[in-house]
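Take a look at the letters that make up each chain.
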Amino acid sequence: MSASPTAITADVLDITALVRIVEASGIGAVTTFLGLVRDHNQGRRVLHLVYEAYEPLAERALGRIVDESRVKWPSVTLAIHHRIGRLTIGDASVAIAAASPHRADSFAACRYAIERIKQIVPIWKHEYFEGGDVWIEGATADPDDQAARDAAMRLACA
Amino acid sequence: MSASPTAITADVLDITALVRIVEASGIGAVTTFLGLVRDHNQGRRVLHLVYEAYEPLAERALGRIVDESRVKWPSVTLAIHHRIGRLTIGDASVAIAAASPHRADSFAACRYAIERIKQIVPIWKHEYFEGGDVWIEGATADPDDQAARDAAMRLACA
Amino acid sequence: MRVAIRLFARLRDLVGCGELEREAPPGSTVGAVWNGLVADYPAIAPYADSMSCAVNAEYARMTDPLADGDEVAFLPPVSGG
Amino acid sequence: MRVAIRLFARLRDLVGCGELEREAPPGSTVGAVWNGLVADYPAIAPYADSMSCAVNAEYARMTDPLADGDEVAFLPPVSGG
């Protein structure tokens, strides 16, 4: 597993290793988030997913999210790993760890991170379900879209 | 480590094992929280902590929190392990995992759980710091105190 | 009747013991047992305003009556998490 | 000048290829390269309203000018997480 705070990786995600990356003296709270592949989506029985990324830009977008978080929550240390390639039901597609002296900030930054990932990181989910396959298309990625940032901030356990 | 969803334990807490307890088919999101022993508290340099519990009541109080969560977020599966005994800086004193089909509920239930733990679980922290030691006393435990429940709910990433 | 008393954290330190037994008249309340304890250990009196109590490892009220063999616990404000 | 084009996800599937090269007049914008691509592959036209673009792995605007050797990427709505 990558020891970098941000990574796009084909490796299995390891939440304990991610926590180790953000741990530091003075830390009292770590909030983590794992996104897992669900067995159903919009009424379809999902068989597996293939995640694809525009890797260099995806890495930069993760770094941007870390920077945005640092501006809002200076005491939070954030790590984000997103998996690519073939994933089966129950596999973790994304893992986030947010460490801070106090818990309010770790919860907020962790939630903000997953919302922003879904908005601006160039990764695509190819869903293979019983009876076919489909590219999932979510948000038009625009890191400068202030309305999207505001929406993520509102959800950030404020 | 205990495979039970709730436990008061002297063992090292293992967040990956806790996630495994709550994982199930249909789960798309897992939020976890780890409380770690900080090196400072209220200006004191902390050396180590000793956590003590009234174990049978503490186990029941954890079960009560799980029940309260189930009423509010029926789709969430919650696991809570609290460590007792001697802990040093950086050790995890509490680990929570909340799994649900969608992330809003997993964040909310996880935050609610840590707030309620601090309100109603009969566990006490004995802080040994540079120059002395002190029993930390927080909340008067009253599981029926509706104002306390409401306060926890307000913080639950609503 | 005979009741077992459990004390925790600083309450235990003030009394110097975490497990005691006391004789009490049948039907005594949790509060009556507490008052008897305060008579023996005046230093714990201030906890009357901030502590919780439990009977047989269930949260209880100071007005709850006790039965022979009950375990009553007095709990300082908690600090888990 | 010569630009490299990167396509992802369904955009790539519609074109049948994820990496193309195109000749373009000096100073051509990202939008001009896109329009050339749409002329060759009309099926991708609807993405004009929902996609993002990047130049040399940085988010860009359709009005940004390109230089020789640039890599321009067209990105359908994202679905990570």
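Rules behind the numbers
- Residues numbered from 1 in each chain as written.
- Chains lettered and ligands numbered in written order.
- Predicted model: local features only at pLDDT ≥ 70, side-chain atom pairs only at ≥ 80, totals over all residues.
- Heavy atoms only, no water.
- Helix = DSSP H or I, 4+ residues; strand = E, 2+ residues; numbered from the N terminus.
- Rg over C-alpha atoms; globule rule 2.2 N^0.38 Å.
- Contact = heavy atoms within 4.5 Å.
- Areas by Shrake-Rupley, 256 points an atom, 1.4 Å probe, with all protein chains shown as cover.
- Lys, Arg positive; Asp, Glu negative; His and termini not counted.
- Charge placed at Lys NZ, Arg CZ, Asp CG, Glu CD.
- Least-squares fit on C-alpha atoms with pLDDT ≥ 70 in both.
- Pairing = 2+ DSSP bridges.
- Axes fitted to C-alpha atoms, helices over the stretch in contact; angles between N-to-C directions.
- Phe/Tyr/Trp six-rings, centres within 6.5 Å; stacked < 30°, edge-to-face > 60°.
- Buried < 20%, exposed > 50% of the residue type's maximum accessible area, 1.4 Å probe, protein only.
- Buried area = accessible area lost by both parts, 1.4 Å probe.
- Salt bridge = Lys/Arg side-chain N within 4 Å of Asp/Glu carboxyl O.
- Polar contact = N/O pair within 3.5 Å; in protein donor to acceptor, adjacent residues only side chain to side chain.

Undergrad: How should the overall build of chain A be read in this particular structure?
TA: When you go through chain A residue by residue, the secondary structure sums to four helices and nine strands. Starting at the N terminus and ending at the C terminus, chain A contains elements arranged as β-α-β-β-β-α-β-β-β-α-β-β-α. Rg of the C-alpha trace for chain A: 16 Å, near the compact-globule value of 15 Å for 158 residues, within the 12% margin. With the C-alpha coordinates of chain A rotated into their principal frame, the extents come out at 50 × 35 × 30 Å. Look at the contacts in chain A between residues 6 or more apart in sequence, and 74% of them connect residues 24 or more apart. Carbon and sulfur atoms make up 49% of the accessible area of chain A, which totals about 6,000 Å². Charge-centre separation for chain A: the mean point of 17 positive side chains lies 5 Å from the mean point of 20 negative side chains.

Undergrad: Looking at this model, I keep getting lost on the relation of the copies chain A and chain B. Mind explaining?
TA: Note that the two copies of the chain are related through a rotation about an axis and a translation along the same axis. With an RMSD of 0.0 Å, the fit of chain A onto chain B corresponds to turning through 180° and sliding 0.0 Å along the axis. What the superposition gives is, in effect, a two-fold axis relating one chain to the other. It is Cys157 of chain A whose C-alpha, among those of chain A, lies nearest the rotation axis, at 2.0 Å. A symmetric contact is evident, with 100% of the interface residues of chain A recurring at the interface of chain B.

Undergrad: It is not clear to me how the sheet that holds strand E1 (residues 2–7) of chain D should be interpreted in this structure. Could you clarify?
TA: By definition, the strands of a sheet pair up through backbone hydrogen bonds, in either a parallel or an antiparallel sense. All names here are of chain D. Sheet architecture is open: five strands sit in the order E2-E1-E5-E3-E4, paired in mixed fashion. Both outer strands of the open sheet, strand E2 (19–23) and strand E4 (58–60), are each paired with one neighbouring strand and no more. Shown here is a sheet whose adjacent strand axes are inclined to one another by a mean of 30°, direction ignored. Bridging between strand E3 (residues 52–55) and E4 involves three bridges; their strand directions are antiparallel. Across the sheet, the residue bridging to Val55 is Glu58, located in E4.

Undergrad: Sorry, what's going on with the packing of aromatic side chains here?
TA: To describe a pair of aromatic rings, one takes the distance between the centres and the angle between the planes. Tallying each qualifying case throughout the model produces ten aromatic pairs over all chains. Their ring planes at 65° and their centres at 5.5 Å tell us that Trp73 of chain A and Tyr112 of chain A sit as a pair that is edge-to-face. Placement of Trp73 of chain A in the loop between helix H2 (55–72) and strand E5 (77–83) and of Tyr112 of chain A in helix H3 (residues 103–120) is noted, with a sequence separation of 39 residues between them. Residues Trp73 of chain A and Tyr112 of chain A agree in their burial class; the two are buried. An angle of 15° between the planes, with centres 5.1 Å apart, marks the rings of Trp124 of chain B and Phe8 of chain C as stacked.

Undergrad: Help me understand the interface of chain A and chain B, please; the structure alone is not making it clear to me.
TA: It is common to give the size of an interface as the accessible area that goes away when the parts come together. Of the residues lining the interface, 33 residues belong to chain A; the matching set on chain B comes to 33 residues. For the pair chain A and chain B, the two sides together bury roughly 2,600 Å², of which 56% comes from carbon and sulfur. Put simply, chain A and chain B have two salt bridges between them. At the junction of chain A and chain B, the tally comes to twelve residue pairs in polar contact (both at pLDDT 80 or more). Residue assignment for the side of chain A that touches chain B shows that the elements contributing at least two residues are helix H1 (15–22), strand E2 (29–36) and H3 of chain A. Residue contributions to the side of chain A that touches chain B peak at nine residues, all from H3 of chain A. In the sheet, E2 of chain A pairs with strand E2 (residues 29–36) of chain B via seven bridges, with the strands oriented antiparallel. Across the sheet, residue Gly35 of chain A finds its bridge partner in E2 of chain B, namely Ala29 of chain B.

Undergrad: Before we go on, may I ask you to explain unusual backbone geometry in this structure?
TA: As a rule of thumb, non-glycine residues mostly have phi less than zero, and peptide bonds are mostly trans rather than cis. Residues and elements named next belong to chain D. Positive phi is not limited to glycine here, since Ala9 has a value of about 55°. Residue placement: Ala9 occurs in helix H1 (residues 9–15). Judged by its relative accessible area of 1%, Ala9 is buried. We note that Asn56 has phi near 50°; this positive angle belongs to a residue other than glycine. Topologically, Asn56 is positioned in the loop between E3 and E4.

Undergrad: How do you make sense of the side chain of Glu52 of chain A when you look at a structure like this?
TA: Relative to the elements of secondary structure, Glu52 of chain A occurs in strand E4 (residues 44–53). In this structure Glu52 of chain A comes out as buried when scored by relative accessible area, which is 14%. Only 2.6 Å separates the side chain of Glu52 of chain A from the side chain of Arg12 of chain D, close enough to count as a polar contact. In contact with Glu52 of chain A, not counting residues within four places along its chain, are Ile84, Pro122, Ile123, Trp124 and Trp135 of chain A together with Phe8, Ala9 and Arg12 of chain D.

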